[in-house]
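Okay, here's what each chain looks like letter by letter:
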Amino acid sequence: MAVRLKIHEITKSFPGVKALRGVSMDVMEGEVLAVIGENGAGKSTLMKILAGVQPPDSGELRWNDKPVSFSNTAESQACGISLIHQELNLAGNLSLAANIFLGREPHRFGWIDERAMHKEAAKYLEQVGLNVSTKTLAGELSIGQQQQVEIAKALSCNAKVLIMDEPTSSLSSGEAEKLFRLIVQLRERGVSVVYISHRLGEVARLADRVEVLRDGANAGRLNKQEINHQAMVRLMVGRELSQYFPHQAHPLRDVRLKVENLVVAGRVSHPVSFEVRGGEIVGMAGLVGAGRTEVLEALLGVRTALAGKVTVDGKSYTLGNPKAAIHAGLALVPEDRRHQGLMTPMSVEENLVVVSSDQRSRFGWLDRRGDRAAAQSQVEGLKIKTPHLQQTAAFLSGGNQQKIVFGKWILNKPKVLLLDEPTRGVDIGAKQEIYSLMEKLASEGVAILFVSSEMEEVLGMADRALVMHEGRITGELSRSQLSEEAIMELAVGGVAAH
Amino acid sequence: MNLKNVGIFLLLAIILLFTAWKNPAFLADRNVQSLVRWTSLFGFCSIGVAFVIITGGIDLSIGSLVGLSGCILVLMLNQHYEPTDIQVGVVAVQKSTLREGREAVQVVIDPKEAVPKVDDTFRFQDMRGREVVGTVYATEMSNDQMFVTFREPSLQVAPQTKMKWSKFVHRPLPLVIAAVMGISMLIGLVHGLLITKLRLQPFVVTLCGLLIYRGMARVLSKDQPLGLGNTLDGVKQWFRGNGFSIPVPGVRWISEGNWTPYVWDYSTKAYERDADGRAIALDFWQWIAIPIPGILLLILAIVAWLLLTRTLFGRYLLALGNNQQAAKFSGIRTDRMVIAAYVICSAMAGLSGILFTFDLNSVEPSSTGNVYELYAIAAAVLGGCSLRGGTGSIVGVVVGTAVMRALYLSIEALSIPKPYEFVIIGLALLLAVLADEVVLRLVQANKMRAQAKTG
């Protein structure tokens with residue numbers, strides 16, 4: 001097989017970080033090359049350089065052994081490279097055909113040739129196995145289908161190298177299966193797929209070769225027969241991970257969180273009831289869209305609960321009022337850190353104290369010294385890596401940002417901690433710290449309820465698991481009953497075999 | 001103080017110095033005072049709208065509300081005559097000269113019978129037996145006698161007659177001010193409720209407000225100008241006066257066009273000297289009295305600054321302006337905060353309407369306050385507020401207002417024809433915002449380069 005794209009000694013710096021320090025790799029014709037690494041390892045930067053979004057500081061790109069350089073995405077596309085972003089970029093109010101040919105519409109005398117456009121678009125949609133009319137509006141499709149449209153768009157640009165950044169992060173497992181089949185088809189047609197993912201299971205299954213990046217440099221490469229979970233983790237973190245999940249059973253205390261017949265507007269239409277005891281870590285498993293996030297949000301009161309009664313330590317609080325929920329002792333680390341967890345343009349300190357500063361304040365006046373001390377205590381206690389307290393939160397890594405979200409709640413001394421995908425977009429080192437933190441809080445008597453789509457996280461951390469399917473709890477598994485198969489069966493709607 | 005505030009201060013200095021270079025008198029005491037006065041009167045609106053802009057909203061109804069609150073102020077004062085049964089005897093009648101040089105009639109009465117005030121009237125029979133009305137222009141006490149000067153020059157009062165006294169009265173000012181402020185805040189509350197509870201867009205809600213309040217002002221006033229006349233003279237006198245003085249460096253040298261600090265006598269071609277033979281120096285530090293509105297603004301600006309930087313409310317406002325969802329997820333009652341911001345904004349507009357009325361002594365229902373919302377928004381943006389919300393500094397906003405007013409006054413001082421006014425102000429604003437963006441990008445690029453080298 002010939003080398004299609006040669007990446008040679010690429011470097012790139014941003015304010016405060018050297019994102020790439022001389023990365024090299026080859027992309028062969030018709031292969032699936034997985035690029036893995038912790039967050040901040042430089043994967044996204046490298047892909048942006050390949051796609052012409054950013055120029056490299058130094059280094060060389062060779063396409064079919066000829067040097068190339070891209071100053072914008074159009075140039076890299078013309079060369080044959082297409083990038084499919086983690087967040088899809090379709091215009092929801094335009095038809096699929098219009099989306100596929102956006103900016104490249106077939107035209108005659110300045111008029112768009114609609115008929116030719118739809119005909120061509122239909123051809124590419126067929127190639128990616130999407131059976132919908134080209135006149136459908138993009139916004140009406142599911143995320144998985146939109147991704148197929150993006151791939152069709154790339155094919156219409158005659159892409160030879162298709163870069164996919166975390167393509168399964170918001171897909172259901174069924175949709176992901178479809179995507180994997182499509183990737184295999186593309187490979188057979190000679191398209192090279194550069195596959196970026198955190199999900200090592202997918203990588204092991206799909207990749208012909210794996211390139212591992214660490215701290216902006218090559219950390220190693222694995223050929224097909226060498227690819228396994230442990231080898232990848234070892235290269236990513238640079239050390240063996242012993243005791244990945246620090247789980248221990250804690251003595252269970254009294255029931256802290258009691259949910260009775262909760263019905264939530266939107267997804268959770270069947271009454272949901274459960275309990276979490278002090279010192280207990282309960283995992284909430286299920287497929288994306290099963291209604292788990294909705295339950296957590298309704299408990300905090302940021303989503304409307306239509307019915308139900310919730311008590312913390314035997315005392316009920318008004319649903320639909322976050323302030324009351326927080327006062328009752330609830331805390332929620334939300335799924336979407338950038339939009340729900342943090343005020344990214346504000347400082348580390350302001351983010352850390354935003355929940356608890358009203359306890360320190362007097363008659364509405366901020367206790368600035370107290371706030372600073374509180375923020376400092378969390379920066380030290382959680383080992384948040386920041387140059388100073390006034391640093392803008394946006395400049396911190398995902399793991400450190402997540403620690404800030406934890407820290408702001410810990411300062412409020414929660415009784416019940418709700419975690420929604422607590423380790424999403426967080427690198428392996430920080431993941432472990434978060435697991436240890438969950439352990440520590442549980443040992444102090446906090447009741448923890450966490451939603452996770454990572455099966456091994458639920459298996460590794462939960463004392464007990466609740467599984468949801470289409471807005472109802474389909475089963476409950478004790479630690480001894482926990483297995484991937486048992487969870488999956490409940491998650492797709494089956495009944496637990498007791 | 002951040003970089004943006006330094007920039008806006010520099011811009012103000014450049015405008016002032018450039019104008020003074022072309023026309024030194026621009027920095028004379030009185031002109032500096034007029035700059036402070038106008039900055040202050042407009043500054044209340046700017047501070048108010050800054051709170052709303054920080055939430056990511058906008059208030060377009062400010063100008064109309066300024067007009068409406070002025071109208072309500074005058075109407076609620078309800079200036080009218082209240083007849084009394086008191087008969088006042090005329091002791092003597094004499095001619096007198098008014099300040100403007102006009103002739104007037106002065107009547108001497110016994111203060112035990114009545115102590116009339118300016119604008120009170122007396123009814124009596126003139127020498128031909130007709131009933132006439134005289135309006136009091138001025139009063140003066142001397143030797144247990146009261147000298148009442150009438151405004152009407154041809155009034156004919158006979159001595160030893162009786163006059164019937166009508167008092168000119170109005171509702172008590174504190175009550176009226178409280179009512180106007182209450183109405184303004186109620187309007188802000190309605191804005192806030194419509195925006196948060198019914199999720200209407202701030203632009204639309206306040207655009208409707210702009211039309212409605214202007215219309216209401218015209219309806220309530222029957223589209224006639226409303227004046228204060230001589231009512232509240234004491235308050236107005238105080239308001240138009242000055243408070244304490246502060247030393248300002250260098251303005252005297254500039255405004256006198258005399259850059260050598262000593263006074264040059266052109267006739268003797270030598271520096272002027274005092275009796276002891278020392279050269280008379282122009283003071284480098286010029287003491288300039290701050291107009292009362294300036295002091296009021298200073299107080300309110302400090303309160304606003306404390307509110308924004310030292311209280312939970314301010315912290316929450318900035319937080320929700322940055323990310324409303326994250327603020328909600330942190331238990332902040334975002335709706336209440338947003339409503340409070342609109343209440344503050346409308347209250348400031350209402351206050352501004354009251355103060356403009358004191359300053360101008362009258363309200364023109366169809367024009368007072370027109371486009372003030374745009375001045376306020378421009379000043380807030382100049383002062384570092386982002387229309388996306390989440391950032392803003394009170395110092396910046398006040399200086400931003402000063403820049404707007406300085407531009408106006410300098411156009412006057414440079415004798416630029418009126419029609420160019422808006423063109424110049426618009427271009428200057430555009431340049432300022434452009435420079436701000438360009439400088440910011442240069443600074444960032446520099447930082448990046450420096451770090452690329454060391455990293």
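Residues numbered from 1 in each chain as written. Chains lettered and ligands numbered in written order. Predicted model: local features only at pLDDT ≥ 70, side-chain atom pairs only at ≥ 80, totals over all residues. Heavy atoms only, no water.

Caption draft 1: Representation of the overall build of chain B within the structure. The number of helices and strands found in chain B is 14 helices and 12 strands. For chain B, the spread of C-alpha atoms along the principal axes amounts to about 100 × 75 × 40 Å. Here chain B holds 455 residues, and the buried ones make up 47% of them. Looking at chain B alone, contacts between residues at least 24 apart form 76% of all its contacts between residues at least 6 apart. (Helix = DSSP H or I, 4+ residues; strand = E, 2+ residues; numbered from the N terminus. Buried < 20%, exposed > 50% of the residue type's maximum accessible area, 1.4 Å probe, protein only. Contact = heavy atoms within 4.5 Å.)

Caption draft 2: The overall build of chain A, seen in detail. On a plain count of helices and strands, chain A comes out with 18 helices and 22 strands. Along the first, second and third principal axes, the C-alpha set of chain A runs to 70 × 50 × 45 Å. Across the 498 residues that make up chain A, the buried fraction comes to 55%. Accessible area for chain A stands at about 21,700 Å²; split by element, carbon and sulfur atoms hold 49% of it. If the 58 positive side-chain charges of chain A are averaged to one point and the 58 negative ones to another, these points end up 3 Å apart. (Areas by Shrake-Rupley, 256 points an atom, 1.4 Å probe, with all protein chains shown as cover. Lys, Arg positive; Asp, Glu negative; His and termini not counted. Charge placed at Lys NZ, Arg CZ, Asp CG, Glu CD.)

Caption draft 3: Layout of the interface of chain A and chain B. Contacts between the two partners involve 36 residues from chain A and, on the opposite side, 24 residues from chain B. Here chain A meets chain B over a buried area of about 2,500 Å², counting both sides, of which 61% is carbon and sulfur. Connecting chain A to chain B are 1 salt bridge. Among the salt bridges present, the one from Asp-371 of chain A reaches Arg-315 of chain B, with a minimum N-O distance of 3.6 Å. Taken together, the links from chain A to chain B amount to 7 residue pairs in polar contact (both at pLDDT 80 or more). (Buried area = accessible area lost by both parts, 1.4 Å probe. Salt bridge = Lys/Arg side-chain N within 4 Å of Asp/Glu carboxyl O. Polar contact = N/O pair within 3.5 Å; in protein donor to acceptor, adjacent residues only side chain to side chain.)

Caption draft 4: Representation of a nonpolar patch on the surface in the model. Residue and element names in this part refer to chain B. Among the surface-exposed residues, Val-423, Leu-427, Leu-430, Leu-431, Leu-434, Val-438 and Leu-442 lie close enough to one another that they form a single nonpolar patch of about 680 Å² accessible area. Among the structural elements, Leu-427 can be located in helix 14 (residues 421–454). Overall, Leu-427 belongs to the partly exposed group, its relative accessible area being 49%. (Patch = residues over 30% accessible without salt bridge, like charges linked within 9 Å, V, L, I, M, F, W, Y side chains within 5 Å.)

Caption draft 5: A look at the nonpolar core. One finds Leu-257, Phe-274, Leu-299 and Leu-330 of chain A together with Ile-47 and Phe-51 of chain B to be the most contacted residues of the largest nonpolar core, which totals 184 residues. A per-element tally of this core places helix 11 (residues 334–360) of chain B first, with 14 residues. Once residues within four sequence positions are removed from consideration, Leu-257 of chain A is found in contact with Phe-274, Glu-275, Val-276, Leu-299, Val-310, Thr-311, Val-312, Leu-330, Val-416 and Leu-418 of chain A. Ranked by size, the runner-up nonpolar core spans 35 residues in total, among them Ala-121, Ile-151, Phe-180 and Tyr-195 of chain A. (Core = buried A, V, L, I, M, F, W, Y, C linked by side-chain atoms within 4.5 Å.)

Caption draft 6: Examining the sheet that holds strand 21 (residues 464–469) of chain A more closely. All names here are of chain A. If you trace the 6 strands from one edge of the open sheet to the other, you get 18-19-20-15-21-22, paired in mixed fashion. The strands lining the two open edges of the sheet, one partner per strand, are strand 18 (330–333) and strand 22 (472–478). When the angles between neighbouring strand axes are averaged without regard to direction, this sheet yields 20°. As defined by bridge partners, strand 21 adjoins strand 22 across 6 bridges and the pair is classed as antiparallel. What sits directly across from His-469, in strand 22, is Arg-472. (Pairing = 2+ DSSP bridges. Axes fitted to C-alpha atoms, helices over the stretch in contact; angles between N-to-C directions.)

Caption draft 7: Structural detail: the domain arrangement of chain B. For chain B, the assigned domains are domain 1 (3–77 + 174–415) and domain 2 (80–169). Inter-centroid distance (C-alpha atoms) of domain 1 of chain B to domain 2 of chain B is 42 Å. (Domains from an automatic or database assignment.)

Caption draft 8: Spatial organisation of the packing of aromatic side chains. Residues and elements named next belong to chain B. Counted under the stated rule, the structure contains 15 aromatic pairs over all chains. Measuring from ring centre to ring centre gives 6.4 Å for Trp-38 and Phe-356, while their planes differ by 35°; the resulting arrangement is tilted. Here Trp-38, found in helix 2 (residues 29–54), pairs with Phe-356, found in helix 11; they are 318 residues apart in sequence, far enough to count as distant. Its relative accessible area of 1% is what places Phe-356 among the buried residues. Clustering of aromatic rings is evident, with ring pairs tying together Trp-38, Phe-42, Phe-356, Tyr-372, Tyr-375 and Tyr-408. A cation over an aromatic ring shows up here: Lys-22 above the ring of Trp-21, its NZ or CZ 4.4 Å from the ring centre. Seen from the ring of Phe-42, Arg-405 lies directly overhead, with NZ or CZ sitting 3.6 Å from the centre. (Phe/Tyr/Trp six-rings, centres within 6.5 Å; stacked < 30°, edge-to-face > 60°. Lys NZ or Arg CZ within 6 Å of the ring centre and 35° of its normal.)

Caption draft 9: Examining the state of the cysteines more closely. All names here are of chain B. Counted by the stated rule, this structure contains 0 disulfides over all chains. Between Cys-71, a cysteine without a disulfide, and Cys-45, which holds the nearest cysteine sulfur, the sulfur-to-sulfur distance is 15 Å. Using a relative accessible area of 0% as the deciding quantity, one classes Cys-71 as buried. For Cys-385, which is in no disulfide, the shortest distance to another cysteine sulfur is to Cys-345 and amounts to 11 Å. (Disulfide = S-S within 2.5 Å.)

Caption draft 10: Layout of the side chain of Thr-134 of chain A. All names here are of chain A. Along the polypeptide, Thr-134 turns up in the loop between helix 4 (114–127) and helix 5 (143–156). Given a relative accessible area of 10%, Thr-134 falls into the buried group. Once residues within four sequence positions are removed from consideration, Thr-134 is found in contact with Ser-95, Leu-96, Ala-97, His-118, Ala-121, Ala-122 and Leu-125.

Caption draft 11: Examining the sheet that holds strand 14 (residues 272–277) of chain A more closely. Residues and elements named next belong to chain A. Spatially, 14-13-16-17 is the arrangement adopted by the 4 strands of the open sheet, whose pairing is antiparallel. Strand pairing shows two members of the sheet lacking a second neighbour, strand 14 and strand 17 (315–316), which therefore form its edges. Bridge count between strand 16 (residues 305–312) and strand 17: 2 bridges; the pairing is antiparallel. Bridge pairing links Thr-311 to Ser-316 in strand 17. The sheet contacts of helix 9 (residues 292–300) involve strand 13 (255–264), strand 14 and strand 16, and relative to strand 13 the element is tilted by about 110°.

Caption draft 12: The arrangement of the packing of helix 15 (residues 398–410) of chain A against helix 16 (residues 428–443) of chain A in detail. Residue and element names in this part refer to chain A. Taken N-terminus to C-terminus, the directions of helix 15 and helix 16 make an angle of 15°; their axes are 10 Å apart at the nearest point. The angle between helix 15 and helix 16 places the two elements in the roughly parallel class. For the pair helix 15 and helix 16, the crossing hand works out as left-handed. Contacts from Gly-399, Gln-402, Lys-403, Phe-406 and Ile-410 of helix 15 reach helix 16 at Ala-430, Glu-433, Ile-434, Leu-437 and Leu-441. A class-by-class count of the residues in the contact of helix 15 with helix 16 yields 6 nonpolar, 2 polar and 2 charged. (Parallel < 35°, antiparallel > 145°, perpendicular 65-115°, else oblique. Left-handed = near helix turned anticlockwise from the far one by under 90°. Nonpolar A, V, L, I, M, F, W, Y, C, P; charged D, E, K, R; others polar.)

Caption draft 13: Expanded view of the domain arrangement of chain A. Residue and element names in this part refer to chain A. Domain annotation for chain A reports domain 1 (3–237) and domain 2 (255–491). If you average the C-alpha positions of domain 1 and of domain 2, the two centres end up 33 Å apart. Tallying the contact residues gives 9 residues for domain 1 and 10 residues for domain 2. Across the domain 1/domain 2 interface, buried area totals approximately 700 Å², and carbon plus sulfur atoms make up 56% of it. The interface formed by domain 1 and domain 2 holds 0 salt bridges in total. On inspection of domain 1 and its partner domain 2, the count reaches 0 residue pairs in polar contact (both at pLDDT 80 or more). For the side of domain 1 that touches domain 2, the leading source of residues is helix 8 (residues 229–237), giving 4 residues. Along the lines of polarity and charge, the residues of the side of domain 1 that touches domain 2 split into 4 nonpolar, 4 polar and 1 charged.

Caption draft 14: Structural context of the pattern of salt bridges. Residue and element names in this part refer to chain A. Enumeration according to the criterion identifies 31 salt bridges over all chains in this entry. Residues Arg-464 and Glu-476 are paired through a salt bridge, measuring 2.8 Å at the closest nitrogen-oxygen approach. Within this pair, whereas Arg-464 is found in strand 21, its partner Glu-476 is found in strand 22, the two being separated by 12 residues in sequence. With relative accessibility at 38%, the residue Glu-476 sits in the partly exposed group. Look at the salt bridges and you will find they share partners, linking Arg-292, Glu-335, Glu-421 and Arg-424 into a network.

Caption draft 15: Representation of helix 14 (residues 368–381) of chain A within the structure. Residues and elements named next belong to chain A. Given a rise of 1.5 Å per residue, 14 residues ought to cover 20 Å, and the 20 Å separating the end C-alpha atoms of helix 14 matches this to within 8%. Buried within helix 14 we find Gly-370, Asp-371, Ala-374, Ala-375, Gln-378 and Val-379. Of the residues trailing helix 14, Lys-383 is marked for its positive phi of about 55°. (Expected span 1.5 Å × (residues − 1).)

Caption draft 16: Region of interest: helix 2 of chain B. Residue and element names in this part refer to chain B. Taking 1.5 Å per residue, 26 residues should reach 38 Å; helix 2 reaches 35 Å between its end C-alpha atoms and fits that length. Buried residues dominate helix 2, accounting for 20 of its 26 residues. Looking one or two residues beyond helix 2, the residue adopting positive phi is Gly-56, at roughly 90°.

Caption draft 17: Here's a closer look at the pairing of strand 5 (residues 145–150) of chain B. Residues and elements named next belong to chain B. Burial of strand 5 is extensive: 5 of the 6 residues sit out of reach of the surface. Across 4 bridges, strand 2 (residues 103–109) lies against strand 5 in antiparallel orientation. When the bridges of strand 5 are listed, Val-107 appears paired with Val-148. Here 6 bridges tie strand 4 (residues 131–142) to strand 5, and the two strands are oriented antiparallel to one another.

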